[in-house]
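Each chain, written out:
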Amino acid sequence: MQNPDRGQVTEIVGKVYLVGAGPGDPGLLTIKGKVLLESADVVIYDALVSPEIIAIISPHAEKIDAGKRMGRHSLLQNETTELLIAKAREQAVVVRLKGGDPFIFGRGGEEMEDIIAAGIPVEVVPGVTSGIAAPAYAGIPLTHRNYSSSVIFVTGHEMAGKYRPGVNWSAIAHSAETIVVYMGVHNLDRITHELITAGLADDTPIALVRWGTTPAQQVLIASLATVVDRVETEKFSAPSIAVIGNVVRLHEILGGALT
């Protein structure tokens, strides 16, 4: 930017907002998130942000698809962070729009660390995470006084070279009565094997909820022993949330009331 008084170039320092878009239903986007999308100068969004939410973005904003899907990357993670920092030096309001919640398996913490290190102001706007919303729309409460008083959230897709060798599925099996697995479809064979080996009954119910909270939502109910075959037979693919535990049995009672 040119300073008309001194003829010098000055740098804009805008602000980055890490905004959770929620699980897909535009009605679950927060009011604060909606206001930011309507006033943003730049929006850098992920693959799982629904078209209905993309449509809320100001027509004057620059829209950049940074989406990541299994085997397909629009931008590498470091490229996305560098882009956020660069745009914040050009524009006032930069939104990083993430499916679900930025801090629940959304890499929001990593991005925020780098943005702070670059001296750029940053704020988090939480979103409704799919691990809670997708089961709810399928009639599966994660806790219930007669079925479960504890719940654990875990990723089924781990990064190579991460801070520890891997998820301890044996410990997970005995940590809570309800287990919610994000991004687990591609590793479902290993996950179910590990849980059964750790002592979970092979008839423990499991639900997979695909495209949760959207009109395309699909639900597959099976057991730990049968779910892999069912997924292959029915060609049930990502993006899906898995819910494991006796609360899944409530889908038969509650799920019909939600359709």
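Everything that follows concerns the structure shown earlier in this document.
Per chain, residues are indexed from 1 in the order of the written sequence. A pLDDT threshold of at least 70 governs which residues receive local features in this predicted model, and a stricter bar of 80 or more applies before side-chain atom pairs are shown or counted, although totals over entire chains, interfaces and linings include all residues. Hydrogens and water molecules were not included; the side-chain quantities draw on all heavy atoms of the structure.

Asker: Where do I start with the overall build of the protein chain in this structure?
Answerer: Broken down by element type, the protein chain carries nine helices and 12 strands. Looking at the protein chain as a whole, 45% of its 259 residues qualify as buried. Between two residues, a contact is recorded if the distance between any of their heavy atoms is within 4.5 Å. Restricting to contacts in the protein chain with at least 6 residues of sequence separation, those with at least 24 account for 67%. For accessible areas, the Shrake-Rupley method is used with a probe of radius 1.4 Å. Any residue's cover is judged against the shown protein chains and nothing else. Taken as a whole, the protein chain presents about 13,200 Å² of accessible surface, with 54% of it coming from carbon and sulfur. Secondary structure elements follow DSSP: runs of H or I no shorter than four residues count as helices, runs of E no shorter than two count as strands, and numbering proceeds from the N terminus. Throughout, exposure labels follow a simple rule: accessible area from a 1.4 Å probe, protein chains only, divided by the maximum for the residue type, with under 20% read as buried, over 50% as exposed, and the rest as partly exposed.

Asker: How should the side chain of threonine 204 be read in this particular structure?
Answerer: Inspection of the secondary structure assignment puts threonine 204 in the loop between α7 (188-197) and β10 (205-210). With a relative accessible area of 12%, threonine 204 lands in the buried category. Think of a polar contact as two N or O atoms within 3.5 Å of one another; within protein, one of them needs to be a possible hydrogen donor and the other a possible acceptor, and neighboring residues in sequence only count if both atoms come from side chains. One polar contact links the side chain of threonine 204 to the main-chain carbonyl oxygen of alanine 201, over a distance of 2.6 Å. Excluding its chain neighbours within four sequence positions, the residues that come into contact with threonine 204 are Ala222, Ser223, Leu224, Ile244 and Gly245.

Asker: Can you help me understand helix α1 (residues 31-39) in this one?
Answerer: The α-helix winds at 3.6 residues per turn, so residues separated by three or four positions along the chain end up facing the same way. Of all the positions in α1, only Gly33, Leu36 and Leu37 are classed as buried. Along the axis of α1, the buried residues cluster in a sector spanning 100 degrees; they form a single face. Residues of α1 that are buried in the fold lie against β1 (15-20), β2 (42-45), α2 (51-54), β6 (93-98) and β7 (122-125). Starting at the helix axis, one direction is taken to each C-beta atom, and the arc is that of these directions.

Asker: Is there a simple way to explain the pattern of salt bridges in this structure?
Answerer: A side chain with one charge can pair with a side chain of the opposite charge if their charged atoms come near. A carboxyl oxygen of Asp or Glu within 4 Å of a side-chain nitrogen of Lys or Arg is what we treat as a salt bridge. The full count for this structure, using the stated rule, is nine salt bridges. One salt bridge in this structure joins lysine 15 and glutamate 123, with 2.9 Å as the shortest N-O distance. Remark: glutamate 123 occurs in strand β7 and lysine 15 occurs in strand β1; sequence separation between them is 108 residues. Residue class for lysine 15 comes out partly exposed when judged on its relative accessible area of 26%.

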